[in-house]
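Architecture at a glance
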Amino acid sequence: GSRLGDQFFFFQAEDGIRDFCLSRGLGDVYKRQDPKSEFTPENMLTKNFAAAKICLWIVSITTFNRIYQEVEPIDQAQKKAAETVAVKEKELSEIKRKVAILNDKVANLQRQLNEAEAVKREVEGQAQSLQDKLTAAEKLVNGLADENKRWSENVVKLKENKQTIIGDALLAAAFVSYIAAFSASFRKDLWKNRWLPDIIAKKIPMTPGIEPLQILTTDAEIAQWKIENLPADQMSLENAAVITSCSRWPLLIDPQLQGSIWIKEHAGEEIVSFSLNQDKWINKLVNAIELGKTVLIEGVPQEIDATLEPVSYTHLRAHETPEHLVCRLLLEKKKISHQVYY
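**Details of the overall build of the chain**
- Counting its secondary structure elements, the chain contains 11 helices and 4 strands.
- Per-residue burial over the chain gives 20% buried out of 342 residues.
- Restricting the contact set of the chain to residue pairs at least 6 apart, pairs at least 24 apart contribute 53%.
- As displayed, the chain offers around 25300 Å² of accessible surface, 58% of which is attributable to carbon and sulfur atoms.

Rendered as structure tokens:
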């Protein structure tokens, strides 16, 4: 009893029983404690103050031990988990470092790949360009080979034409000058059965089997005329050849207006058409001549107005008057400047 009142008793006992308080043996004591026991601090306080304090200490120790036994495994697991986390974080850090190095290598390799692909595309583009040039050059060489053959044939043909051009030009000139007024059958009889035998009889060199239409025009021009609504018959083609080849102003007897339609299509926007019974037709004529346009006078009567005489002749006569007009006449597809004074 005297020891229980000693204040150093608890300090002396503390070192000896600390491990016991944390041991599992104390839990057995707690389990054997009778819940109905009167060993409580309240009951012991009625008997002795020191005993009540010891009772309170014992109850607290056993309660602490019970809680400690429940918490201690959790605490150990937490410490172990923390150690594991630390290890894993260290490993993760190392892995991240390695991944960063690998990412740098991948980025460097990707950059090199992009540069290589860019160089590849550039080289492929150059190769394609060179291939295109090579293909074009091959086509040009092949085309020139064909042209060389054609040029060689043309040289031979031109050398022959140097000898035959006299008779060919004579036939074409006679055709343009005299044939237009006759019918188709008389035209053919005239140049084929009269002119050709006469040229041959006089031993004038000419192309064998040549026809006037072959001299005056080409297949391309004939195709263009047909596109411009010229009838495809032989006589219409001959008339068109005469109109485009003559140096004098042609007079068309055209009841069906086929020639007028073709001339308008052929000249396009560069034509001015009018009739002599229209008002101020002379102004249209003057403006057309000044601008160098083609003039089509429709519905010409048997007698032509005297005002047209200076224009209707190839050789223009000048009269000394104050007023004058500059005319540009289209002759044989060439523009020749003439000065006309009225």
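After presenting the structure, the write-up continues.
**Describing a nonpolar patch on the surface**
- A cluster of nonpolar side chains, namely F39, W57 and I58, defines an oily patch on the protein surface of about 240 Å² accessible area.
- Position of F39 among the secondary structure elements: in the loop between α2 (25–32) and α3 (41–45).

**Let's talk about the side chain of S275**
- Looking at the secondary structure, you find S275 in strand β1 (residues 271–275).
- For S275, a relative accessible area of 14% corresponds to the buried category.
- One polar contact links S275 to N277, side chain to side chain, over a distance of 2.5 Å.
- Setting aside residues up to four positions removed in sequence, S275 forms contacts with W281 and E298.

**Quick notes on the layout of surface pockets**
- In this structure, the second largest pocket spans a volume of roughly 720 Å³.
- Along its surface, the second largest pocket is lined by 26 residues, and A180, N239, L251, L252 and I253 are the ones closest to its centre.
- Where the lining of the second largest pocket is concerned, the elements lending two or more residues are α4 (49–178), α8 (234–245) and α9 (258–267).
- A total of 6 residues in the lining of the second largest pocket trace back to one element, the largest contributor, which is α8.
- Per-class residue counts for the lining of the second largest pocket are 17 nonpolar, 5 polar and 4 charged.

Parameters at a glance
- Residues numbered from 1 in each chain as written.
- Predicted model: local features only at pLDDT ≥ 70, side-chain atom pairs only at ≥ 80, totals over all residues.
- Heavy atoms only, no water.
- Helix = DSSP H or I, 4+ residues; strand = E, 2+ residues; numbered from the N terminus.
- Buried < 20%, exposed > 50% of the residue type's maximum accessible area, 1.4 Å probe, protein only.
- Contact = heavy atoms within 4.5 Å.
- Areas by Shrake-Rupley, 256 points an atom, 1.4 Å probe, with all protein chains shown as cover.
- Patch = residues over 30% accessible without salt bridge, like charges linked within 9 Å, V, L, I, M, F, W, Y side chains within 5 Å.
- Salt bridge = Lys/Arg side-chain N within 4 Å of Asp/Glu carboxyl O.
- Polar contact = N/O pair within 3.5 Å; in protein donor to acceptor, adjacent residues only side chain to side chain.
- 1 Å grid on protein atoms, 1.4 Å probe; cavity = no way out; pocket = protein on both sides within 12 Å on 5 of 7 lines; lining within 4 Å.
- Points joined across faces, edges and corners; volume = space filled by probe spheres on them.
- Nonpolar A, V, L, I, M, F, W, Y, C, P; charged D, E, K, R; others polar.

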